[in-house]
Structures are given as structure tokens and as C-alpha cells.
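# Structural features, examined
So the chains spell out like this:
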Amino acid sequence: MPNPDPTPRPLARRALRTTAVVMMTLVFGALGFIQPASADVVLGGHAVGGKIGEAYLGSGGVFKWGVPTSDERAAAKGGRYQTFARDVTFYWHPSADNGTAHQIGGAIRQRWQAAGAERGPLGFPVTNEFKAGSGRANDFTGGSICWSKTGGAQIVWGGILQKWRATGAAGGYYGVPLGGEYRVGSRFAQDFANGTIFWP
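Residues numbered from 1 in each chain as written. Predicted model: local features only at pLDDT ≥ 70, side-chain atom pairs only at ≥ 80, totals over all residues. Heavy atoms only, no water.

## Some remarks on unusual backbone geometry
Between Trp199 and the following residue, Pro200, the backbone shows a cis peptide bond with an omega angle of -5 degrees. Topologically, Pro200 is positioned in the segment after strand E13 (195–199). With a phi angle near 55 degrees, Asp87 is a residue other than glycine that sits in the positive phi range. Looking at the element boundaries, Asp87 is found in the loop between strand E4 (80–84) and strand E5 (88–92). Unusually for a residue other than glycine, Ala169 sits at a positive phi of about 55 degrees. (Helix = DSSP H or I, 4+ residues; strand = E, 2+ residues; numbered from the N terminus.)

In C-alpha cells form, the structure reads like this:
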């Protein structure tokens, strides 16, 4: 019986190459070396895409934030926002945190909205909500809102914010804010769990 031809035929070679490319794509894609093309994702009848989609999917997506309850909409000052089922809204502005969208929700979002939301002095969020000492906080272009069980959601900004941050903010010496800023003669003051900060 003659020996089989060891040289693969053109069709077999093409099939081997295609299989190898598919396998490498799957392996590198699983390892995160190949990024999928950017496209909107439709969830619950609403599209999620762009910078808000990146932030939403990159921070937990539907498993953490639920499905969108609205389409992306225009915010003030050229920004965008979109709401999601688990009491959260993602906001984006091109000049806030280098154009990265951030999440804000719950009592912090309510306090921010009461202060004028993105139209007010706090502006757009520049962080997602994060653990802050015994509470939670979001930073904004114009200050910070810190929520705790003892103090509720309070705004910290200006010179008092600088002094508070210099001592470790909510995780530092003064702890979480217990109320808002108020006047003491010609100065401003704000009470925290472990003391009062004055400015100037």
C-alpha cells in the first residue's frame, strides 16, 4: 500500500489556518487582549452605549445596577445622563474627570439634586459612590457629598473640604459630617463626628 502524501492539500491547509485563527481569537479574547467593537447594548428596551455604557458595563452592568429605565438623555451644560433600575443614575460631561461617566444614587443623589444637581455649585460627579469612613461618598467637580447613618447626606466644599481632606476626610480624624456648613461671625464652620472645622 502506498504511503499517503504528507503535504496537506490547499483546502486542508486553509481549514487548519482558519481553525488556528478562531482558536487564537477565542483564547486572546478570553484573556482580554482583544476588545470587542464599541456598540450600544439594548436592555429592557433601552440602548446603553458611549461613555455611559462603558462606565455602566465596566462597573458591574445589569448585575449590579439593573436594566436601564430610560434612554440616555441630555443633562445641563452639555452633559448626558441615564437612569437604571437599582436607584442609580450615570452622569457624563466631557470636562468632568476626563470625560468619564460616573454613578450616583440613593440619598447622595437626592441631596445633590436638592442643591441643583449638575446646574448647581457641585457640578457633575467625578467618582462613583465609594466607602468613606463609616459612610459613603461621591466627589463632584465642586465638592463632596458624604452620607452616614449618624449625619445623613451632607455637602462638604470649599476651604472646609480642603482641611477635611488634609486630615483623611471621612476616614480620618474628623470622621463623617453631621450637618452642613454654617456661619460663626466672619468665619464658616462645619460639624463632624469628632469635632468642628472652621474656615478661614
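## Things to note about helix H2 (residues 50–58)
Those residues of H2 not exposed but buried are Ile52, Gly53, Ala55 and Tyr56. The arc that holds every buried residue of H2, seen down its axis, measures 165 degrees, which confines them to one face. Where H2 is buried, its residues contact strand E1 (41–43), strand E2 (46–48), helix H3 (61–65), E4 and E5. (Buried < 20%, exposed > 50% of the residue type's maximum accessible area, 1.4 Å probe, protein only. Arc of directions from axis to C-beta. Contact = heavy atoms within 4.5 Å.)

## Overview of the pairing of E13
Both strand E12 (residues 187–192) and E13 contribute to a ladder of five bridges, which runs antiparallel. Bridge assignment links Gln190 to a residue of E13, and that residue is Ile197. (Pairing = 2+ DSSP bridges.)

## Some remarks on the layout of surface pockets
One number sums up the size of the second largest pocket: a volume of about 160 Å³. What lines the second largest pocket is simply Lys64, Trp65, Arg86, Val88, Gln103, Gly105, Gly106, Ala107, Ile108, Glu129, Arg136 and Trp147. At three residues, helix H4 (residues 106–114) tops the list of elements feeding residues into the lining of the second largest pocket. (1 Å grid on protein atoms, 1.4 Å probe; cavity = no way out; pocket = protein on both sides within 12 Å on 5 of 7 lines; lining within 4 Å. Points joined across faces, edges and corners; volume = space filled by probe spheres on them.)

## Here we look at the pattern of salt bridges
Per the counting criterion, the structure on display carries six salt bridges. A salt bridge links Arg119 to Glu118; its shortest N-O distance comes to 4.0 Å. (Salt bridge = Lys/Arg side-chain N within 4 Å of Asp/Glu carboxyl O.)

## Topic: the side chain of Arg109
Residue position: Arg109 is located in helix H4. For Arg109, the side chain forms a polar contact with the side chain of Asp87, separated by 2.3 Å. (Polar contact = N/O pair within 3.5 Å; in protein donor to acceptor, adjacent residues only side chain to side chain.)

## Some points on the nonpolar core
In this structure, Tyr91, Ile104, Trp112, Leu122, Phe140 and Ile145 are the most contacted members of the largest nonpolar core, which totals 14 residues. Listing elements by their share of this core, those giving two or more residues are H4 and strand E10 (152–156). In this structure, Leu122 is in contact with Trp112, Ala115, Phe140, Thr141, Gly142, Gly143, Ser144, Ile145, Ile155 and Trp157, ignoring residues within four places of it in sequence. Listed in part, the 13 residues of the second largest apolar core include Ala137, Trp164, Ala169 and Tyr174. (Core = buried A, V, L, I, M, F, W, Y, C linked by side-chain atoms within 4.5 Å.)

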